[in-house]
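Residue strings, one per chain:
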Amino acid sequence: MITFDRNSQTFYLENDRMTYAFDIFDESLEHLWFGAKIGHDDLNYLRGVRGSGCDAQQPDKKLCPNFLANELPVYGQGDFREPMLTYRTEGGDLCAELHYTSHRIIAQPALPGLPSTRGGETLEVTMNDDINGVEVLLYFTLHADTGAVTRACRIRNVGSHTIRLLRAHSFSLDLPRNDLDAISLYGAWANERTPERTPLHHGVWSVDSKRVSSSSQLNPFVALATREATETSGEVWGFNLVYSSSFRLFAEVPTTGHTRVGGGVSEFCFEWILESGEEFCTPEAVMVYSDRGIGEMSRIFHDTYREHLIPERYAKAKRPLVVNNWEATYFDFDRDKLFAIIDASAGTGIDTFVLDDGWFGVRNDDHSGLGDWFVNTEKLQGGLKPIIDRCHERGLKFGLWFEPEMVNPDSDLYRAHPDWAIHSPGHVPAEGRNQYVLDLTRADVRDYIVRVVSDILENHEIDYVKWDYNRNITEVFSEGLPAERQGEFAHRYALGLYDICRRLVLGHPDVFFEGCASGGARFDAGMLYYFPQIWTSDDTDAAMRSRIQYGTSLCYPLSAMSCHVSVCPSHQTKRTTPYKTRADIAHLGATGYELDVSRLPAEELAQIPAQVADYHAMEKLVLEGDLYRLAAPFDAGYFCFELVSKDRSEVHVTLMRLLKIFNCEALYLPLQGLDPDALYENTATGERLHGSTLMHVGLNPAIGNMRDFDTLTWHFKRV
Ligand code: DGJ
């Protein structure tokens, strides 16, 4: 709950495990604590310690601003650390002076035009800069059930002169220690979200994207961890932005004994004009504290996103079990090939056929057609209807691929509206995958996209949409914006995208949407607000997937990861892994198939019903369970995930061996999160063991018999 102690002027956001506390001090908001649950004591004594090292160059205030642990640091008055907000007045002044005015506790408000979590309790604090005519509403939201705290703010020009926002971050806080590690997720196409850990030193460390998408290079997620923190122990603070455009997250270790952490919209090329009466709302930042290591941090994120972010209707609902034709055919398909895939899928347990790229315009490769969302009837005689009918006759649902934000120069859309493609004047726009990005900052472009995609959705029986996005934006310029507002482009693009998603995705609630961006280049909490699941990576090789799914799970739940079984040798890595392994790894997410079922060897086709049955037996754990990462595929010879039901009555373990080390190998796998006193039965063998035995002695698989990339799975139920 959220409370305010009048005596100490302290706000507390807390649940039974965690306290987030700050007070009103000298009209500023002084950060006091974000960590384990503590009593409501007067934490004034912290201030004395912090202020004691006051540096001689500081102006003489009650506490040097450079030492204040501040919830809303701004430039001016002597705080030389990274600010949360910076704005310039018409007269050119950069000095901001925001003081506390009032506060209230309300039901969590929606953020205008932006995705955000829902269902929390919010503390709204109003801060005013009377000299410059700026008002800032700070939102601190508590999701008491999970312990996540979120932050966002609205910056209003309440004066009569223009204000130029130069930095508008979502949050800032100063943790009272300076010996932390930073954990981030770096990557590339087909190799997304690898965890990387680095000790913080004095100075500023940051991750960002300048691509107008959250990117596969660096995810908008950062964790700070005590040096000794592991997967299962130690203190960890996780930060994630509910945002899909250019961002920055940083950690700064100044010489004050703190670590300042903050971030939000990237300040790269950013400038936002606020005329009198206008306001800017930042994206939401989700903040999680764990005193049980990185694993517990992840579980809090997972619960928060399943309970408060992902569309409620789908968050825990059974997912379509698809066969997608991309790796089966790429662009080279016709009606008969698709019929063959549909026919072969019927009766296997696969319940949805998804037609990927290439069904529209003149699209026989990736050089043309994007933007022309009209069925290519030369390729697909009779249009989509015969394919949809065939699916229905065979008991399957039908899904369709779109890339609504893009246009090929070789398309009717581009020939009619070349100005709709993002470009900067006088420059030849850079192509990426032979395509341009449409300017979603423009209302006419957004209306066109909504109209053509709605037409297809409303005139066909479509149950599922895969929404792709295959290049980054290289020119941050819009013909629709005046020169002085070009700095607004990257954020306006996100607002445009969210507007389209609101109209198309939320406007078609019966259609299930999957996100995608050249694989997982826009795998973020902003997109998860609209899309219950996202294609995790174009790399479907099981060994690579174990790494990518492991990294992604640091912040995002398994149910958000779309994971498919594909053929071997892998199209991406050329590696061959066992068929069972590919299924077992794909089962650790929203599973499906990405291969030509009609050309599978008979014995592999025959195994699909059993694989689907295996998945259904563990699906509830994927959708709702707690994840324990027992072994990481980066540094150990194994990958191991354990999924436990919320009531601890059921547990599923998947172990994959990576490269075999000859001889001298033994593996004890203690499980986690079980009821120590309960008896669990192995559903395959009938063997019974207590939770305490499983958690201390553990499993002891005969790994000597496992070949490289073999998997073993266990499923236990409480007796
Ligand atoms: C990139 C996606 O990640 C793939 O799954 C596929 O849909 C292709 N685009 C199609 O162009």
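Residues numbered from 1 in each chain as written. Predicted model: local features only at pLDDT ≥ 70, side-chain atom pairs only at ≥ 80, totals over all residues. Heavy atoms only, no water.

J.: What am I meant to see in the overall build of the chain here?
T.: A tally of regular secondary structure across the chain gives 14 helices and 36 strands. Relative to a compact globule of 719 residues, whose C-alpha radius of gyration would be 27 Å, the chain shows 26 Å and is just as compact. For the C-alpha atoms alone, the extent of the chain along its principal axes is close to 80 × 70 × 40 Å. When the 719 residues of the chain are sorted by exposure, 63% land in the buried category. (Helix = DSSP H or I, 4+ residues; strand = E, 2+ residues; numbered from the N terminus. Rg over C-alpha atoms; globule rule 2.2 N^0.38 Å. Buried < 20%, exposed > 50% of the residue type's maximum accessible area, 1.4 Å probe, protein only.)

J.: Can you help me understand the layout of surface pockets in this one?
T.: If you roll a probe as big as a water molecule over the atoms, it shows you where there is empty space left. The volume enclosed by the largest pocket comes to roughly 570 Å³. Contributing to the lining of the largest pocket are 25 residues, with Arg17, Arg292, Glu296, Arg299 and Ile300 lying nearest its centre. Counting only elements with at least two residues in the lining of the largest pocket, the list comes to strand S20 (284-290), helix H2 (293-308) and strand S31 (626-631). Its residues assigned to classes, the lining of the largest pocket comprises five nonpolar, eight polar and 12 charged. There are two domains that each give the lining of the largest pocket at least three residues, and those are domain 1 (2-308) and domain 3 (631-718). (1 Å grid on protein atoms, 1.4 Å probe; cavity = no way out; pocket = protein on both sides within 12 Å on 5 of 7 lines; lining within 4 Å. Points joined across faces, edges and corners; volume = space filled by probe spheres on them. Nonpolar A, V, L, I, M, F, W, Y, C, P; charged D, E, K, R; others polar. Domains from an automatic or database assignment.)

J.: Mind showing me how you'd approach the site of the ligand here?
T.: Residues in contact with the ligand amount to 13 residues; listed here are only the nearest, Asp356, Asp357, Lys466, Asp468 and Asp538. Trp401 is positioned such that a nitrogen or oxygen atom in its side chain is 3.1 Å from an oxygen atom of the ligand. Within the contact set of the ligand, a nitrogen atom lies 2.6 Å away from a side-chain nitrogen or oxygen of Asp468. Contact with the protein chains covers 98% of the free accessible surface of the ligand, which is 290 Å². (Near = heavy atom within 4 Å. Polar contact = N/O pair within 3.5 Å; in protein donor to acceptor, adjacent residues only side chain to side chain. Areas by Shrake-Rupley, 256 points an atom, 1.4 Å probe, with all protein chains shown as cover.)

J.: Can you walk me through the packing of aromatic side chains in this structure?
T.: What characterises a pair of aromatic rings is the spacing of the ring centres plus the angle enclosed by the ring planes. Across all of its chains, the model carries 38 aromatic pairs by this definition. Their ring planes at 50° and their centres at 6.2 Å tell us that Tyr20 and Phe140 sit as a pair that is tilted. Taken together, the residues Tyr20 in strand S3 (residues 18-25) and Phe140 in strand S8 (residues 134-143) connect sequence positions 120 residues apart. Owing to a relative accessible area of 0%, Tyr20 belongs among the buried residues under this scheme. Here Trp359 and Trp373 contribute two aromatic rings whose centre-to-centre distance is 5.9 Å and whose plane-to-plane angle is 40°, an arrangement assigned as tilted. Of this pair, Trp359 sits in the loop between strand S22 (352-355) and helix H6 (385-393) while Trp373 is found in the loop between S22 and H6, placing the two residues 14 residues apart along the sequence. Pair check on accessibility: Trp359 and Trp373 agree, each one buried. Members of the aromatic cluster, each reached through a chain of ring pairs, are Phe4, Phe11, Tyr20, Phe22, Phe34, Phe140, Trp237 and Tyr289. Across the ring face of Phe339, the terminal group of Arg390 is positioned such that the distance to the ring centre comes to 4.2 Å. Its guanidinium or amino end placed over the ring of Tyr469, Arg522 lies 4.0 Å from that ring's centre, counting from NZ or CZ. (Phe/Tyr/Trp six-rings, centres within 6.5 Å; stacked < 30°, edge-to-face > 60°. Lys NZ or Arg CZ within 6 Å of the ring centre and 35° of its normal.)

J.: What's the story with the pattern of salt bridges in this structure? I'm lost.
T.: Using the criterion set out here, one finds 58 salt bridges in the structure. Residue Glu82 is joined to Arg248 by a salt bridge in which the shortest nitrogen-to-oxygen separation is 3.2 Å. Placement of the pair is Glu82 in the loop between helix H1 (44-51) and strand S5 (85-89) and Arg248 in strand S16 (residues 247-253), with a sequence separation of 166 residues. Looking at Glu82, the relative accessible area reads 14%, which means it is buried. (Salt bridge = Lys/Arg side-chain N within 4 Å of Asp/Glu carboxyl O.)

J.: Explanation requested: empty space enclosed by the protein in the structure shown.
T.: Taken as a whole, this structure holds five cavities of 30 Å³ or more when the rule is applied. Roughly 110 Å³ of internal volume is contained in the largest cavity. Lining the largest cavity are 16 residues, with Ser246, Phe268, Cys269, Phe270 and Ala490 positioned closest to its centre. Ranked by the residues each element gives to the lining of the largest cavity, the list is headed by helix H9 (residues 489-504), at three residues. Class assignment for the residues of the lining of the largest cavity results in eight nonpolar, six polar and two charged. Here the lining of the largest cavity spans two domains, and each of domain 1 (2-308) and domain 2 (321-624) adds at least three residues to it. When its volume is computed, the second largest cavity comes out at roughly 50 Å³. Going through the elements one at a time, S8 and strand S9 (148-157) are the ones with two or more residues in the lining of the second largest cavity. A total of three residues in the lining of the second largest cavity trace back to one element, the largest contributor, which is S9. Considered class by class, the residues forming the lining of the second largest cavity number four nonpolar, five polar and two charged.

J.: Would you explain unusual backbone geometry in this entry?
T.: Glycine aside, a negative phi is what most residues show, and trans is what most peptide bonds show. A cis geometry characterises the amide bond from Cys568 onward to Pro569, with omega recorded as -5°. Although it is not a glycine, Gln9 sits at a positive phi angle of roughly 55°. Take Gln9: it is sitting in the loop between strand S1 (2-5) and strand S2 (10-14). Of the residues examined, Gln9 reaches a relative accessible area of 29% and is grouped as partly exposed. You will see that Cys269, though not glycine, has its phi angle at about 60°, which is positive. If you trace the backbone, Cys269 turns up in the loop between strand S17 (259-265) and strand S18 (272-274). For Cys269, a relative accessible area of 44% translates into the label partly exposed.

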